[in-house]
Amino acid sequence: MYALLDCNNFFVSCERTLDPDLDGKPVVVLSNNDGCVVSRSNEAKALGVPMGAPAFKYRELFAANDVKVFSAKFELYNFRSQQVMEMAKSFLPDDAYEVYSIDELFLDFHGFKYFDLEEYCNKIRKKIDTELKLPTSIGVAPTKTLCKIANHIVKKNTEQYPDGVYIMDSREKIEEALNDLDIGDVWGIGRKLGAKMVDHGVYKASHLLLKPEMWIRKVMGIQGVRMINELRGIPQLELDKASPKRSIMVSRSFMQMISTKEELAERIETFAIYCAEKLRKQNSCCKVISVFIQTNRFRKELGEYKNGFSIILPNPSSSSIVLAKYANSIFEAIYKHGFQYKRAGVMVSDFVPDNERQISLFEKDIDDKHIPIMKAIDKLNSKYGKDKIRLGGMSGKNTYGRATLSPEYEEFLKNNILPEANYRFQ
DNA sequence: TCTGGGGTCCTAGGACCC
DNA sequence: TCTGGGGTCCTAGGACCC
């Protein structure tokens, strides 16, 4: 059996660890630039605030219902996430887990045959709840896809499962769950596939199992075949071990649109430098760097332009200086005057370990010279705080709108050295 | 006025090879 | 008038996830 441990309303729950007065009140957390709702308390959900709701459309509802609104504090969420993961992992043998996202952890209960899993999961949950003040749900089932569903069931039926644990351990329980579950709520069915399924009369998860495998294969590809096996209780997906990332992206939407070339160039350079720092943190060098820029897709009347381009580096690099230079040269090539830009980003990919760099015979390799400088900068920044040391030209302006930091959070930042995240970021 | 920021995997189709 | 049949590798784009 596998389990999925999932933190309930994670970002909101993190806010409540700083201020218990928020308990029982409607609370939402907003994305960067205070743009979208990315986490909602149960009370906020009950008021009809959807996930991803643009904040400006809900200001009145927030005010009318005294909803507490917070800007995202990713340092805090990462810190809490690591606390949860550490605590949960301590209940399992080495490597019998997969950190799936900032608030989700898969557990592998292989070898727990003689354990009462319900009782054991309760123990895990209670410890996290009492010591960290973070509520979680645990779904247990024979496959990862069914764990997702078991977890979903816990969250939907809190009165029925007040302990936050559901064990899906029989044919009948699985059948019942699949009969109840809308096809769009199956892990791996998104908006497009969901619509297509409905067109073909597949409304519930169980309907999918009635379709011939050839049809599944044609409509959904190989993933679909895996999915139906997982739904039948035949494991197709193993736990992924923590592995270095295969690509790294830094991108932002700008609170105010950017119309000068210099300002946008500066942002791109900053993004490239952040990419380089993340690369060095996982001891990788990249072979490819890409840059994209785009106007506001919600303001088409201002004119639309969107472009991006990748180049292969002469030598794999993790140098801030090198990556900033190439990012800028791409930017020069794709920039078009006369538009107001809303969003831009830099992505690096095609990694090699930094001790296995294959140096081009024909290009001079300057990366080696940069490495000592870079490492020194990284060290100073980790000691004294992000961006205390910067390359000349890197923007020092804070371009985020982050209006609603609380005094408790200022206090929290003062008292904690925040570790880096090493999992997928929400 | 105001609409996030990351990631992964798969597929189709083109380039190229013999 | 006639115009192979495979393979492999790479890339862009689309789908999904949180």
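What this report covers is the structure whose coordinates are included nearby. Not measured: the values here are computed from a predicted model.

The rules behind these values
Residues numbered from 1 in each chain as written. Chains lettered and ligands numbered in written order. Predicted model: local features only at pLDDT ≥ 70, side-chain atom pairs only at ≥ 80, totals over all residues. Heavy atoms only, no water. Salt bridge = Lys/Arg side-chain N within 4 Å of Asp/Glu carboxyl O. Helix = DSSP H or I, 4+ residues; strand = E, 2+ residues; numbered from the N terminus. Buried < 20%, exposed > 50% of the residue type's maximum accessible area, 1.4 Å probe, protein only. Pairing = 2+ DSSP bridges. Axes fitted to C-alpha atoms, helices over the stretch in contact; angles between N-to-C directions. Contact = heavy atoms within 4.5 Å. Near = heavy atom within 4 Å. Polar contact = N/O pair within 3.5 Å; in protein donor to acceptor, adjacent residues only side chain to side chain. Nonpolar A, V, L, I, M, F, W, Y, C, P; charged D, E, K, R; others polar.

### Some points on the pattern of salt bridges
Under the counting rule described, the total for this entry stands at 15 salt bridges. When the shortest N-O distance is used, the salt bridge between glutamate 15 and lysine 73 registers 2.5 Å. Residue glutamate 15 is located in helix H1 (residues 10-18), and its partner lysine 73 is located in the loop between strand E4 (68-71) and helix H4 (74-89); the two are separated by 58 residues in the primary sequence. What makes glutamate 15 buried here is its relative accessible area of 2%. In this structure lysine 73 comes out as buried when scored by relative accessible area, which is 0%. Notably, a salt bridge pairs lysine 144 with glutamate 98, separated by 2.7 Å at the nearest N-O pair. Taken together, the positions of lysine 144 in helix H6 (residues 144-156) and glutamate 98 in strand E5 (residues 97-101) put the pair 46 residues apart, joining distant regions of the chain. Like glutamate 98, lysine 144 is buried. Salt bridges linked by common partners bring Arg16, Asp23 and Glu43 together as one network.

### Remarks on the sheet that holds E5
Sheet architecture is open: five strands sit in the order E5-E6-E1-E7-E8, paired in mixed fashion. Each having just a single partner strand, E5 and strand E8 (165-167) make up the two edges of the open sheet. Pairs of neighbouring strands in the sheet enclose a mean axial angle of 15°, with direction left out of account. One ladder, built from four bridges, connects E5 with strand E6 (residues 104-108); its direction is antiparallel. The residue of E6 that forms the bridge with serine 101 is glutamate 104. Running at roughly 135° to strand E7 (residues 136-141), H6 makes contact with strand E1 (2-7), E5, E6, E7 and E8 of the sheet.

### Notes on the protein's contact with DNA strand C
The environment of DNA strand C is formed by 15 residues, the closest being Glu104, Lys148, Gly188, Gly190 and Leu193. Atoms of DNA strand C within 4 Å of the protein: sugar and phosphate make up 96%, bases the balance. Side-chain polar atom of aspartate 103 to a sugar or linking oxygen of DNA strand C: 3.3 Å apart, as the coordinates give it. Take lysine 192: an N or O atom from its side chain is 3.3 Å from a phosphate oxygen of DNA strand C. Breaking the surface near DNA strand C down by element, the ones donating at least two residues are E5 and helix H8 (191-199). Considering each element in turn, the surface near DNA strand C owes the most residues, three residues, to H8. Here the surface near DNA strand C is built from residues that sort into six nonpolar, four polar and five charged.

So yeah, pure geometry; function would need other evidence.
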